[in-house]
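# Structure assessment
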Amino acid sequence: MCFRNWCFFRRHRRFTIAHIDSPEKRLPRCRGAYLGLSLQLLIYAWIFFACIPGSVHALFFIALGMTFSFAGDVFNLQFPPIKKMVKEPVFLGILSFLIAQFCYIAAFLSIVHS
């Protein structure tokens, strides 16, 4: 059984990124899928904020945190135009994720105190 799975993987390896040897060559192929998932989560967070009544402050902070997380993803994926504008995009990505964590903490505290 294990051998058959290995053969399947070897046969379909060209459809994965396993054959690409370095992260620099893998990153351009993965950017779209990763950013697409992050964008979907961002859109859902803002839809929930707009459509669900109740804990408005918590949903706002979660949507704001998702916005900063999306910005962090954009910086950390190191798109060429961003690398030209910003010397260290990874630092800005980390900073965006830090702000997002503060937003998530604020959302948690708004739920706990209400």
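Before reading on, note that the structure itself is shown above.
Within each chain, residue numbers correspond to sequence positions counted from 1 in written order. Thresholds applied to this predicted model are a pLDDT of at least 70 for local features of residues and 80 or more for the giving and counting of side-chain atom pairs; totals over whole chains, interfaces and linings are not thresholded and use all residues. The side-chain values count all of the structure's non-hydrogen atoms but skip hydrogen atoms and water molecules.

## So, the nonpolar core
Formed by Leu 35, Leu 42, Ala 45, Ala 63, Met 66, Phe 70, Val 74, Leu 77 and Ile 82, the largest nonpolar core amounts to nine residues. Secondary structure elements with two or more residues in this core: helix H2 (23-51) and helix H3 (56-76). The way it works is that DSSP assigns letters per residue, a run of H or I at least four long becomes a helix, a run of E at least two long becomes a strand, and they are numbered from the N terminus. Element by element, the count of residues in this core is highest for H3, at four residues. Residue contacts are defined here by distance: any two heavy atoms, one from each residue, within 4.5 Å place the two residues in contact. Sequence-distant contacts of Ala 63, defined by excluding residues within four places in its chain, comprise Leu 42, Ala 45, Trp 46 and Phe 49. Within this scheme, the nonpolar core is defined by two criteria: the residues are buried Ala, Val, Leu, Ile, Met, Phe, Trp, Tyr or Cys, and they are joined through side-chain atoms within 4.5 Å. Buried residues are those whose accessible area, probed at 1.4 Å on protein chains only, stays under 20% of the maximum for their type, while exposed residues exceed 50% and partly exposed ones sit between those limits.

## Comments concerning the packing of aromatic side chains
Geometrically, a pair of aromatic rings is defined through the distance of the ring centres and the angle of the planes. For Phe, Tyr and Trp, rings pair up if their centres lie within 6.5 Å, where Trp contributes its six-membered ring, and each pair is then called stacked (planes under 30 degrees apart), edge-to-face (over 60) or tilted (otherwise). In this structure the tally under the stated criterion is four aromatic pairs. The rings of Trp 46, Phe 49, Phe 60 and Phe 61 are connected pair by pair, giving a single aromatic cluster.

## So, the packing of H3 against helix H5 (residues 89-112)
Axis angles are defined between N-to-C directions and span 0 to 180 degrees, where every axis is a line fitted to C-alpha atoms and, for a helix, only to the segment in contact. Close contact between H3 and H5 brings their axes to 8 Å; oriented N to C, the two are set at 165°. Considering the angle they form, H3 stands roughly antiparallel to H5. When the axes of H3 and H5 are compared, the crossing they make is left-handed. Following the grouping adopted for this structure description, the nonpolar residues are Ala, Val, Leu, Ile, Met, Phe, Trp, Tyr, Cys and Pro, the charged ones are Asp, Glu, Lys and Arg, and the polar ones are all others, Gly among them. Among the residues making up the contact of H3 with H5, the classes are represented as 20 nonpolar, eight polar and one charged. Oblique is the label for any angle not under 35 degrees, not over 145, and not in the 65 to 115 range, which are roughly parallel, roughly antiparallel and roughly perpendicular in turn. Two helices that cross are described as forming a left-handed crossing if the nearer one is turned anticlockwise from the farther one by less than a right angle, and a right-handed crossing if clockwise.

## Side note on the packing of H2 against H3
What describes two packed helices is the angle between their axes and the distance between those same axes. Two numbers describe how H2 lies on H3: the axes approach to 9 Å, and their chain directions differ by 165°. The pairing of H2 with H3 is recorded here as roughly antiparallel in orientation. Note that H2 runs across H3; the crossing there is left-handed. Touching Tyr 34, Leu 35, Ser 38, Leu 39, Leu 41, Leu 42, Ala 45, Trp 46, Phe 48 and Phe 49 of H2 are Val 56, Leu 59, Phe 60, Ala 63, Leu 64, Met 66, Thr 67, Phe 70, Asp 73 and Val 74, all from H3. When the residues that make up the contact of H2 with H3 are grouped by side-chain class, the tally is 17 nonpolar, two polar and one charged.

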